[in-house]
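# Remarks on the overall topology
The primary structure of each chain is shown beneath.
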Amino acid sequence: MTATKRAVVIGGGIGGLTAAAALHLRGLRVTVLERAPSLRPIGAAISLSPNALRALDVIGLGDEIRDLAAWQGDGGLRTPGGRWLSRSNAEAAAARFGGPLVLLHRATLIDHLAARLPGGAVRTAADALLADPGDRDRPARVRTSEGELEADLVVAADGIHSAVRATLFPDHPGPVYSGFTTWRVVIPVPGADFASHETWGRGRIWGTHPLKDGRVYAYAAAVTPAGGHAADERAELLHRYGDWHHPVPAVLAAARPEDVLRHDVHHIAEPLPAYHRGRVALVGDAAHAMPPTLGQGGNQAIEDAIVLAHHHDDLSAYTAVRLPRTTAVARQAVKVARLNLMTNRAGVVVRDAALAALSKAGPALFLRSFDGIADWRPPQPPYASRQIQVGER
């Protein structure tokens with residue numbers, strides 16, 4: 001009888017848990033090692049586009065997440081004064097890409113993913129160190145405080161500052177500062193009535209979107225030196241965005257200082273030579289961290305996880321499939337960041353005029369930016385969502 005293969009996943013975030021669930025469905029015995037005391041992520045939302053939702057179909061989760069879609073009616077791109085530069089709506093997005101865009105809290109997605117794993121598969125407060133990546137003739141070894149684990153496959157989902165990546169590729173320069181910082185809040189905003197939107201200013205952007213649970217997800221970004229922090233980040237947001245259009249002031253009025261999260265943005269500018277070495281595969285930010293300007297960081301991690309499960313016996317095939325795609329998406333995210341965080345005053349005027357003209361000539365920029373991204377499909381058929389399977393194949 002053939003022994004059941006073992007996979008050890010380092011990191012219990014979205015990419016790691018998706019990989020664990022997909023590998024479990026493929027028959028592997030999975031252990032997830034998460035160094036935090038729980039799986040609850042720092043509060044923020046994530047946007048899942050149709051490519052990630054199709055990937056989640058493979059583990060039977062796609063329809064559950066689609067049911068959480070909250071975007072209804074109009075949305076689009078605005079100026080700080082409130083003028084619409086580009087408009088779209090949920091129906092147009094779904095028609096163009098074969099499914100909805102779903103915005104939900106990261107904690108909600110984590111809970112759904114963890115529920116796909118058998119009891120005892122996840123170990124929290126579990127630091128992990130790659131001791132040996134293994135090769136064709138020997139297993140990989142992961143060191144923990146409770147001893148070493150041998151694995152036929154190690155999935156490194158340990159984030160942008162991945163220790164596993166540094167071990168596998170010590171000569172790689174790692175992540176670089178993207179040139180801007182971000183703020184995020186997820187809060188109730190009583191009486192706020194607005195169309196889902198993103199607003200582009202000069203060196204600053206703001207987004208406001210409803211969640212299915214009634215809360216509002218808002219984010220901001222601004223070109224600023226790395227390492228900056230304010231004593232009161234809500235006051236910092238008021239200074240930078242307090243005179244922008246509705247509902248920005250209402251969101252800021254409803255927020256408390258402790259509701260605001262601030263993080264500098266980093267990305268991997270130089271692609272890795274591969275996403276695997278030995279019996280170890282990198283997924284998500286550990287492999288290809290990108291700016292959030294396309295909202296594809298978590299989506300690409302989900303794609304990685306599903307493709308890795310498909311190619312778990314041939315990691316060179318995983319690299320061959322994923323490295324070109326994620327490199328292209330990451331480069332596009334960098335280009336979009338340069339456009340929407342432009343600081344030249346004259347350039348901003350030209351940019352906004354061009355966006356308005358392009359929007360009148362064809363599909364909204366918001367939708368065009370997802371061409372070649374949101375229409376991706378996984379290499380294996382879904383186990384769930386029969387309607388999607390029949391309608392799209």
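Look up: the structure comes first, before these words.
Numbers given to residues run from 1 along each chain, matching the order in which its sequence is written. Since the coordinates come from a predicted model, pLDDT governs what is reported: local features require at least 70, and pairs of side-chain atoms require 80 or more to be given and counted, while whole-chain, interface and lining totals use all residues. Excluding hydrogens and water, the side-chain figures rest on all heavy atoms present in the structure.

Next up on the list: unusual backbone geometry. Each neighbour pair has its own omega, and for H246 with P247 the value is 10 degrees, a cis peptide bond. Residue position: P247 is located in the loop between α7 (233–241) and α8 (248–254). Notably, A125 is not glycine yet its phi reads approximately 50 degrees, a positive angle. Considering the arrangement of structural elements, one finds A125 in the loop between β7 (122–123) and β8 (128–132). Labels follow the DSSP assignment, with helices taken as runs of H or I lasting at least four residues and strands as runs of E lasting at least two, numbered in each case from the N terminus.

What follows is about the packing of aromatic side chains. Side-chain rings of Phe, Tyr and Trp (the six-membered ring for Trp) are treated as a pair once their centres are within 6.5 Å; stacked means planes under 30 degrees apart, edge-to-face means over 60, and tilted covers the remaining angles. One pass over the full model with this rule turns up five aromatic pairs. Relative to Y241, the ring of W206 lies with its centre 5.4 Å away and its plane at 50 degrees, an arrangement referred to as tilted. Of the two residues, W206 is situated in strand β14 (residues 204–210) and Y241 in helix α7; the sequence distance between them amounts to 35 residues. Each member of the pair, W206 as well as Y241, carries the same accessibility label: buried. Ring plane angle 75 degrees and centroid distance 4.9 Å describe the contact between Y241 and W244, whose orientation is recorded as edge-to-face. Three exposure classes are used, based on accessible area relative to the maximum for each residue type with a 1.4 Å probe and protein chains only: buried under 20%, partly exposed in between, and exposed over 50%. Judged by relative accessible area, Y241 falls into the buried class, the value being 0%. Exposure remark for W244: the relative accessible area of 5% places this residue in the buried category. Members of the aromatic cluster, joined through ring pairs, are W183, W206, Y241 and W244.

This part is about the nonpolar core. Among the buried residues, those of types Ala, Val, Leu, Ile, Met, Phe, Trp, Tyr and Cys that are joined through side-chain atoms within 4.5 Å form a nonpolar core. One finds L48, L56, I65, L109 and L282 to be the most contacted residues of the largest nonpolar core, which totals 67 residues. If near-sequence neighbours (up to four positions away) are discounted, L56 is found in contact with T18, L48, L61, G62, I65, L109, L113 and I302. Within the second largest apolar cluster, 18 residues are counted, among which are I187, A220, V248 and A255. By the convention used here, residues are in contact when the closest approach between their heavy atoms is within 4.5 Å.

Okay, the sheet that holds strand β13 (residues 196–200) next. Spatial strand order, β5-β4-β13-β14-β15-β12-β16: seven strands in an open sheet with mixed pairing. If you trace the sheet from one side to the other, it starts and ends with β5 (84–89) and β16 (261–267), each paired once. Looking at each pair of strands side by side, their axes are set apart by 15 degrees on average, direction ignored. At least two bridges found by DSSP between two strands is the condition for calling them paired. Of the strand pairs in this sheet, β14 and strand β15 (residues 216–223) are connected by seven bridges, and their pairing is antiparallel. Counterpart to H209 in the pairing with β15 is Y217. Axes here refer to lines fitted to C-alpha atoms; in helices the fit is confined to the stretch in contact. Angles between the N-to-C directions go from 0 to 180 degrees. Packed onto the sheet, helix α12 (residues 345–361) meets β4 (74–78), β5 and β13 and runs at close to 35 degrees relative to β5.

Contact pair helix α10 (residues 297–310) / helix α11 (residues 315–340): the axes reach a minimum separation of 10 Å and the direction vectors enclose 165 degrees. Compared by their axis directions, α10 and α11 come out roughly antiparallel. Between α10 and α11 the crossing geometry is right-handed. Facing Q300, E303, D304, V307 and L308 of α10, the residues of α11 in contact are L315, Y318, V321, R322, R325, T326 and V329. Polar here means any residue outside two lists: the nonpolar Ala, Val, Leu, Ile, Met, Phe, Trp, Tyr, Cys and Pro, and the charged Asp, Glu, Lys and Arg; Gly therefore counts as polar. Of the residues that constitute the contact of α10 with α11, the class distribution is six nonpolar, two polar and four charged. If an angle is under 35 degrees, it is roughly parallel; if it is over 145, roughly antiparallel; if it lies from 65 to 115, roughly perpendicular; otherwise it is oblique. Crossing handedness is read from the near helix: turned anticlockwise from the far helix by less than a right angle, it gives a left-handed crossing, and turned clockwise, a right-handed one.

Further remarks concern the side chain of T319. When you line up the elements, T319 lands in helix α11. At 2.7 Å, the side chain of T319 forms a polar contact with the side chain of H276. Contacts of T319, omitting those with residues within four sequence positions, involve A274, Y275, H276 and P324. We call two N or O atoms a polar contact when they sit within 3.5 Å, provided that within protein one can donate a hydrogen and the other can accept it, with sequence-adjacent residues counted only if both atoms are side-chain atoms.

For F169, the location among the structural elements is in the loop between α6 (163–168) and β12 (176–187). Judged by relative accessible area, which is 6%, F169 ranks as buried. In sequence terms F169 and L129 are 40 residues apart; their C-alpha atoms lie 15 Å from each other. Leave out the neighbours within four places in its chain, and F169 touches L272, P273, A274, H276, R277 and L282.

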